[in-house]
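Commentary on secondary and tertiary structure
Here are the chains, one letter per residue:
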Protein chains: 2
Amino acid sequence: MAADSLPHVLVTGAGGFVGKALVRALSNRHSVTATDSTALDFSDMPDVVAITGNLEDPDLIAAITAKPCAALIHLATVPGGAAEADPALAARINVGASMALIDAAAAHGNCPRVIFASSIAVFGDPLPDHVDDETPLKPMLRYGAHKAMVEEWIATMTRRGVISGLSLRLPGIVARPLAPSGMKSAFLSNVFHALQAGAPITLPVSPQASCWLLSRHVLVGQLQHALRLTDDPADARLTLPALRVIMGDLVAEIARQTGTDSTLASYMPDPAIEAAFGNQPPLSTPRADGLRFHHDGSLEVLVAHALAEL
Amino acid sequence: MAADSLPHVLVTGAGGFVGKALVRALSNRHSVTATDSTALDFSDMPDVVAITGNLEDPDLIAAITAKPCAALIHLATVPGGAAEADPALAARINVGASMALIDAAAAHGNCPRVIFASSIAVFGDPLPDHVDDETPLKPMLRYGAHKAMVEEWIATMTRRGVISGLSLRLPGIVARPLAPSGMKSAFLSNVFHALQAGAPITLPVSPQASCWLLSRHVLVGQLQHALRLTDDPADARLTLPALRVIMGDLVAEIARQTGTDSTLASYMPDPAIEAAFGNQPPLSTPRADGLRFHHDGSLEVLVAHALAEL
């Protein structure tokens, strides 16, 4: 089918870990405008138009929204650690540019689908003994507050009927590449790389640390499911299902599947990291479950999915 | 006492209807930096330094926060109607500049008191049969979403311990001056001016319309009370008590106190205005009541307060 007859999707953060895989998954059934602040290479995908630029630039927003889109999947963000390091930049991108982008996408009057990558950071820390769909938002990171604020914007614009919005709160996504990501939770991905390489790694949490995780493979499927969903919750937001993993168990399973020694991982807990990422209690997501969202299902499958894409 | 030994307060929107009266009330016991985008005249108050500028300008924010403040009272806003007319400007001022200002005020490390003028617009419309402290936020106006977003920012920064923040949701404040205010609710003030002048006025709501109101006189007292409060709610936000007034009763009481004829007011309801401002149900504010916030107490007192400052 010719690209101009396919439903058009705009993806921000398309050069990122999730964005790259998402664009690839979409490119068979959609025409895609893919944008990121870094150079993009989707030259093997004829239905993808790549536009590099900064979301702070109104001209970039005008360029990527020039063509009406059936859907916008907004992944671009200044993540937690980077946002703490440059609060002004993070506020401009995570809040200001997000609002401007959503307004621009809505301006064609076609009520586009808007899927926003929010984060479990909206819950803050310390977390209560159990997190579910009624847990109040108490972000502690700037990043978490930014996500909660944009959730509010998307809910409002959805009530106004100018977009069909849905914010999805993502847990830790594994296994991200070994590169500076600005993420305080990078250790959750780095442990896959280290053990597969047979290299030692010191983890900033305890073996008992509990973390909510999802593989990129399953996340990309959940984002596509969200695109098609027609029975959104009234407040336009969902916490995605995630597998709750104990750090020591994760290390053991990665070691088992990679044939390495789990003692390559040692533990030197950093209280702030343990509090923010290693103390995640049982999580219930009945609303998302009822809408047929799902996580990897088991630690074995999660690790297999992550290692397959390493 | 010399100005430099008084607790220092920064007031934004100081040239506005509420701001002017607030600065006057504060000036005896505080040194005040008063800022607004319009020209300011506080020349009769030696403790007040007036700085005119645009909150979008980082240099203005640097100038007004150069001196550590014991408290920031953030009134400046692009109101409802004006925000719908210029969404991009409104987002930059109401959200972006508010976040930057709060960060700048916090940067001295003295954990300043931050009082934020939020709005009942965070509840949206239509409202439920009763509004209380548990009513979820469902803004419909851009302005209402902006306020809800900054409430979230203030709650987060308060949890982080860098400010001692409190968002106060203001009802309709009467009686504002007869000037373009960008407010869709301007009729609530204009009716005072018209009847006092013996002039006819057509109201865009029905005589049965119900509105939450507070006089400026009492509001200024509530803002000063908030400055001194030490037992804030955990989520750093309160809906202020407001008198629920029926439009026909308000007209009759203004006519009585001004000795004019209530038939000068006629009613031509605009469904959108009636829905947004004329359908406000019984309001309970137990959290604010428990913290000794209060409204005018009676329609007679509300009208007297408003007329006294007309």
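Residues numbered from 1 in each chain as written. Chains lettered and ligands numbered in written order. Predicted model: local features only at pLDDT ≥ 70, side-chain atom pairs only at ≥ 80, totals over all residues. Heavy atoms only, no water.

On to the relation of the copies chain A and chain B, then. For these two chains of identical sequence, chain A goes onto chain B by a turn of 180 degrees and a shift of 0.0 Å along the axis, with RMSD 0.0 Å. Both chain copies can therefore be described as sitting about a two-fold axis. Residue Met149(A), judged by its C-alpha, is the member of chain A lying nearest the rotation axis, at 2.4 Å. Here 100% of the interface residues in chain A have copies in chain B that are interface residues too; the copies meet face to matching face. (Least-squares fit on C-alpha atoms with pLDDT ≥ 70 in both. Contact = heavy atoms within 4.5 Å.)

Residue and element names in this part refer to chain A. With 18 residues, helix H5 (residues 142-159) extends 26 Å between its outermost C-alpha atoms, agreeing within 8% with the 26 Å of an ideal straight helix rising 1.5 Å per residue. Judged by how many residues are buried, H5 sits mostly within the fold: 16 of 18 residues are covered. A positive phi of about 80 degrees marks Gly161, the residue just after H5. (Helix = DSSP H or I, 4+ residues; strand = E, 2+ residues; numbered from the N terminus. Expected span 1.5 Å × (residues − 1). Buried < 20%, exposed > 50% of the residue type's maximum accessible area, 1.4 Å probe, protein only.)

To continue, consider the sheet that holds strand E9 (residues 210-215) of chain A. All names here are of chain A. Read from one edge of the open sheet, 3 strands run E7-E9-E11, paired in mixed fashion. Edge positions in the sheet fall to strand E7 (172-174) and strand E11 (243-246), since each of these pairs with one other strand and no more. If you compare each strand with its neighbour and ignore which way they point, the axes differ by 50 degrees on average. Taken together, the 3 bridges between E7 and E9 define a ladder with parallel strand orientation. Residue pairing across strands places Ile173 opposite Leu214, the latter belonging to E9. Sheet strands in contact with helix H8 (residues 247-258) are E9 and E11, and its direction is about 85 degrees off that of E11. (Pairing = 2+ DSSP bridges. Axes fitted to C-alpha atoms, helices over the stretch in contact; angles between N-to-C directions.)

Tallied over the entire structure, the rule returns 30 salt bridges over all chains. Of the charged contacts, one joins Asp235(A) and Arg237(A) as a salt bridge, the two residues approaching to 4.0 Å between their closest N and O atoms. Taking the relative accessible area as the measure of exposure, Asp235(A) reaches 29% and is therefore partly exposed. Overall, the relative accessible area of 10% leaves Arg237(A) in the buried class. We note a salt bridge from Arg237(B) to Glu152(B), for which the minimum N-O separation is 3.9 Å. Here the residue Arg237(B) occupies a position in strand E10 (residues 237-239), and Glu152(B) occupies one in helix H5 (residues 142-159), the gap between them amounting to 85 residues. When salt bridges that share partners are traced, they join Glu151(A), Glu152(A), Arg159(A), Arg169(A), Asp235(A), Arg237(A) and Arg287(A) into one network. (Salt bridge = Lys/Arg side-chain N within 4 Å of Asp/Glu carboxyl O.)

This part is about the interface of chain A and chain B. In this complex, chain A contributes 23 residues to the contact, which on the side of chain B involves 23 residues. In this assembly, chain A packs against chain B so that about 1,900 Å² is buried in total across both faces, 61% of it on carbon and sulfur atoms. Broken down residue by residue, the surface that chain A buries against chain B is led by Met149(A), Arg159(A) and Arg160(A), which jointly contribute 30%. One can count 4 salt bridges joining chain A with chain B. The closest approach of N and O atoms between Glu84(A) and Arg160(B), which form a salt bridge, is 2.6 Å. Connecting chain A to chain B are 10 residue pairs in polar contact (both at pLDDT 80 or more). When residues of the side of chain A that touches chain B are traced back to their parent elements, those giving at least two are helix H4 (87-106) and H5 of chain A. (Buried area = accessible area lost by both parts, 1.4 Å probe. Polar contact = N/O pair within 3.5 Å; in protein donor to acceptor, adjacent residues only side chain to side chain.)

Residue and element names in this part refer to chain A. Burial of strand E2 (residues 31-36) is extensive: 6 of the 6 residues sit out of reach of the surface. One ladder, built from 5 bridges, connects strand E1 (residues 8-12) with E2; its direction is parallel. Paired with Leu10 across the strands is Thr33, a residue of E2. Handedness of the E1-helix H1 (residues 17-26)-E2 crossover: right-handed. In the sheet, E2 pairs with strand E3 (residues 48-52) via 5 bridges, with the strands oriented parallel. Across the sheet, Ala34 pairs through a bridge with Ala50, a residue of E3. (Right-handed = clockwise from strand over helix to strand, strands pointing away.)

Now for helix H1 (residues 17-26) of chain B. Residues and elements named next belong to chain B. In terms of burial, H1 is largely enclosed, as 7 of its 10 residues are buried. Within H1, the full set of buried residues consists of Phe17, Val18, Gly19, Ala21, Leu22, Val23 and Leu26. Those residues of H1 hidden inside the fold are in contact with strand E1 (8-12), strand E2 (31-36), strand E3 (48-52), strand E4 (71-74), strand E7 (172-174) and helix H7 (216-228).

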